[in-house]
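# Secondary and tertiary structure notes
Residue-level listing of the chains:
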Amino acid sequence: MEESIVCPICGIFLQEPYIRCVECHHSFCLQCFAKGREYENHKNNHSYTVMRNNFTLLDSDWLAYEEIKLLNAVADHGIGNWSEIAKDVGTRNKLECEEHYLQHYIYNPVSPLPEIQLEETTGEIHHPTPVACTNFSQDPPRPVVGSTMYQEMAGYMPSRGDFSYEHDDFAELDIKELAFEDDEPLWNDLQMAVLDIYQSRLKERCRRKWLIKEYGLLNMKRNLEDTKRYAILGSGFLDTMKPLMHLFTPHKLYKFMEGLLWEYKAKQRIQLLQECRSAGITRSHSISTYLRLKRKQEENKRRNRRTALDEVLSRIKVDDLLLLLTLLLCWDLINLQVKKEICVQV
């Protein structure tokens, strides 16, 4: 496996075994796959295959990852340095490395590489049951009381799963002195009406807490990621989407936001293609060259931008320029003489 392959969700380097989606060809770590996380066009109900290198490839005694280490070591140290090659392989001695390499890569009857007979179980495709995505309502961090993160989390206490200051925090004051009388039915009805109002206020409090937790508004890391991801749609885009939390579930809201993002990117791509077409570009692989030359041309224009005075001076001949300088000098001398006469009169 190449070391450059990383999980696009959590960003860790992938190590065997890891998961590769058959439909969208994304690779994910086992942790993100087990939690059913989704990424761009990848859904957690896509077919997948388990990627691993612990199977035999050319020899029943050599595993695939040992073959990769052997080839990398030979490329680094050269044929003949079997001691150093064996150190890089780690699981074989120098004699085994030499015999295996010569047998399968030098003296094999098939050129330039040996023929590989894949087993039927290799690359088996699995069709999983859809898993609920859990990356919206993750448990928030537990900052120190009084810290900046604690203040940003609006006083949320993860250990209790509650806030230090609730919505409509003084609602209980209206019911603390309620008392029911046996001989006052009208009074009791009024007290029950107050309790009904208090119950509706509690429901609103619970609804707001559910929105905050379900949409992951306390997860500062995910909020920063969303801010970066949707920055091209404008600084106030996320604030504009917040009222829709009352109408959409988290998954539907994020699908809607992703749709707006892809629509914006599609429009930008269409504008770019139209610009390239008007410039005479007919091949898609020529677009990058066109953009690079366009940026270079704009930089040259900015570097060579001339002011209005430079433009005027460039159109004046040398003789005219000398005459202009002489006139300016005479004008300065006249002004100086006038000032002296004024000073003498004063």
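Residues numbered from 1 in each chain as written. Predicted model: local features only at pLDDT ≥ 70, side-chain atom pairs only at ≥ 80, totals over all residues. Heavy atoms only, no water.

Going by an unreviewed UniProt entry, the protein chain carries the name Transcriptional adapter 2-alpha and comes from Larinioides sclopetarius. Database annotation for the protein chain, UniProt heading Subcellular location (unreviewed entry): "Nucleus". (UniProt positions renumbered as here; feature names shortened; annotations may be inferred.)

### A word on the environment of histidine 167
Mapping histidine 167 onto the fold places it in the loop between strand 5 (162-163) and helix 6 (185-214). Note on histidine 167: relative accessible area 34%, which makes it partly exposed. Separated by 41 residues in the primary sequence, histidine 167 and arginine 208 have C-alpha atoms spaced 7.9 Å apart. The residues contacting histidine 167, other than those within four sequence positions of it, are Glu204, Arg205 and Arg208. (Helix = DSSP H or I, 4+ residues; strand = E, 2+ residues; numbered from the N terminus. Buried < 20%, exposed > 50% of the residue type's maximum accessible area, 1.4 Å probe, protein only. Contact = heavy atoms within 4.5 Å.)

### A look at the packing of aromatic side chains
For any pair of aromatic rings, geometry is given as the distance between the ring centres together with the angle between the planes. Enumeration according to the criterion identifies four aromatic pairs in this entry. The side chain of arginine 92 reaches across the aromatic face of tryptophan 62, ending 4.7 Å from its centre. Over the ring of tryptophan 262 we find lysine 265, and its NZ or CZ is 5.2 Å from the ring centre. (Phe/Tyr/Trp six-rings, centres within 6.5 Å; stacked < 30°, edge-to-face > 60°. Lys NZ or Arg CZ within 6 Å of the ring centre and 35° of its normal.)

### Describing the environment of proline 8
For proline 8, the location among the structural elements is in the segment before strand 1 (18-21). Classification of proline 8 by relative accessible area gives partly exposed; the value is 29%. Spatially, the C-alpha atom of proline 8 lies 9.0 Å from that of cysteine 29, the residues being 21 residues apart in sequence. Leave out the neighbours within four places in its chain, and proline 8 touches Ser27, Phe28 and Tyr39.

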